[in-house]
Amino acid sequence: MFRLDGKVALVTGAGSGIGREIALLFAKQGANVCVADLNGPAAEAVAGEIFAQDGEAFAQPLDVTDLVSARAAVATTAERYGRLDVLVNNAGIGMVGNLTETEPEDFDRLVDVNVRGVYYCSRAGVEQMLGQDPKGGAIVNMASIAGQVAVARRFAYCTTKGAVISMTQSTAMDYVGDNIRCNCVCPGTVETPFVEAYLQRYHAGEVEETRAALHARQPLGRMGRPEEIAPLALYLASDEAAYVTGAQMTIDGGLTAR
Ligand SMILES: NC(=O)c1ccc[n+]([C@@H]2O[C@H](COP(=O)([O-])OP(=O)(O)OC[C@H]3O[C@@H](n4cnc5c(N)ncnc54)[C@H](O)[C@@H]3O)[C@@H](O)[C@H]2O)c1
């Protein structure tokens, strides 16, 4: 497994699901981790899990839709650990609806968290990475296959994840000479509280049937697991990925191959 010894990482949305798994794995592989989340107690709990496995971490309340909050998270991390080597823009939200079912306020909410959030945290992160000595770092954005192909009735979600892929490419190219790499992960459906919330909200009377259909949708016959996504983020964050920038790494049980 790739190592992050001595590296400093900030993971957004690290209080749950994929972000939690990334924070735990990064700490296990030697990184000092800022566990950042809108849900402060959830971030505290994950930092506690890291301590319990003899890792180094702290919990940071963060609202990615607020540039002041994003800058504070980066500044606190750099004050505590001396620099920022890895930023994982993982925080994200979803909703179901085609174009005519998507209300303007819902569209705005998704753009705020999924697009503006990546912009603000990347901006704060890149400012830190450019100013530190030695200069540089790695950014890993959590996009989705929903940014690569259409997923039925996910108009706003697909839109925002397409934007994450574009932001990944722009950032990668604009800072390619500054020792900053930027890549994104495009998961298919992964069994997390995000999917659980979707099942309860949109399929309350048919949770198990819908869960089975979600499993069956992947050619591999099941949804992915957060612990299967985290190692890809680890690779992209590691020095072994020195030649990888601007990439979209799909990890979807074969969904987009058919
Ligand atoms: N689960 C999937 O099937 C799947 C598939 C592809 C991509 N993704 C993406 O992976 C990422 C993580 O998803 P997950 O399934 O682990 O979700 P999750 O709901 O389990 O966790 C998301 C975390 O983000 C936090 N968050 C939400 N809004 C925030 C904000 N404004 N500021 C800071 N934190 C905030 C939440 O508190 C939560 O802890 C998201 O970007 C999601 O779009 C998920």
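All figures in this text were calculated on a predicted structure; none of them were measured in a lab. (Residues numbered from 1 in each chain as written. Predicted model: local features only at pLDDT ≥ 70, side-chain atom pairs only at ≥ 80, totals over all residues. Heavy atoms only, no water.)

Enquirer: Would you mind going over the site of the ligand with me for this structure?
Expert: In the neighbourhood of the ligand, 28 residues make up the surrounding shell, with Ser16, Ile18, Asp37, Tyr157 and Thr192 lying closest. At 3.3 Å from a nitrogen atom of the ligand is found a main-chain nitrogen or oxygen belonging to Leu38. Tyr157 is positioned such that a nitrogen or oxygen atom in its side chain is 2.6 Å from an oxygen atom of the ligand. Considered on its own, the ligand offers 830 Å² of accessible surface; in the complex 91% of this is hidden by protein. At the level of elements, α1 (17-28), α5 (155-174) and α6 (193-202) are the ones that each hand at least two residues to the shell around the ligand. (Near = heavy atom within 4 Å. Polar contact = N/O pair within 3.5 Å; in protein donor to acceptor, adjacent residues only side chain to side chain. Areas by Shrake-Rupley, 256 points an atom, 1.4 Å probe, with all protein chains shown as cover. Helix = DSSP H or I, 4+ residues; strand = E, 2+ residues; numbered from the N terminus.)

Enquirer: Would you explain the sheet that holds strand β5 (residues 137-142) in this entry?
Expert: By way of backbone hydrogen bonds, the strands of a sheet pair with one another, either parallel or antiparallel. With parallel pairing, the seven strands of this open sheet are ordered in space as β3-β2-β1-β4-β5-β6-β7. Because the sheet does not close on itself, it has two edges, and the strands there are β3 (56-61) and β7 (248-251). For this sheet, the mean angle separating the axes of adjacent strands, direction not counted, is 20°. Bridge count between strand β6 (residues 180-187) and β7: four bridges; the pairing is parallel. Bridge pairing in β7 links Val185 to Met249. (Pairing = 2+ DSSP bridges. Axes fitted to C-alpha atoms, helices over the stretch in contact; angles between N-to-C directions.)

Enquirer: I keep staring at the pairing of strand β2 (residues 32-37) and nothing clicks. Help me out?
Expert: The side chains of a regular strand alternate, first on one face of the sheet and then on the other. Summarising burial for β2: six of the six residues are buried, a large majority. In β2, alternate side chains face the same way, and those of Asn32, Cys34 and Ala36 on one face and Val33, Val35 and Asp37 on the other are all buried. Across five bridges, strand β1 (residues 8-12) lies against β2 in parallel orientation. Bridging from a neighbouring strand, Leu10 pairs with Cys34 of β2. Of the pairings in the sheet, the one linking β2 to β3 comprises six bridges and is parallel in character. Looking at β3, one finds that Asn32 is bridged to Glu56. For the segment spanning β2, helix α2 (residues 40-52) and β3, crossover handedness is right-handed. (Buried < 20%, exposed > 50% of the residue type's maximum accessible area, 1.4 Å probe, protein only. Right-handed = clockwise from strand over helix to strand, strands pointing away.)

Enquirer: What is the right way to look at the domain arrangement of the protein chain in this model?
Expert: Many authors give the size of an interface as the accessible area that is lost as the parts come together. Domains assigned within the protein chain are domain 1 (8-188 + 227-245) and domain 2 (191-223). Contacts between the two partners involve 12 residues from domain 1, matched on the other side by seven residues from domain 2. Across the interface of domain 1 and domain 2, roughly 700 Å² is buried in total on both sides, 54% from carbon and sulfur atoms. Linking domain 1 to domain 2 there are one salt bridge. We note a salt bridge from Arg222 to Glu228, for which the minimum N-O separation is 2.7 Å. Our count for the contact surface shared by domain 1 and domain 2 stands at three residue pairs in polar contact (both at pLDDT 80 or more). When the residues that make up the side of domain 1 that touches domain 2 are grouped by side-chain class, the tally is six nonpolar, four polar and two charged. (Domains from an automatic or database assignment. Contact = heavy atoms within 4.5 Å. Buried area = accessible area lost by both parts, 1.4 Å probe. Salt bridge = Lys/Arg side-chain N within 4 Å of Asp/Glu carboxyl O. Nonpolar A, V, L, I, M, F, W, Y, C, P; charged D, E, K, R; others polar.)

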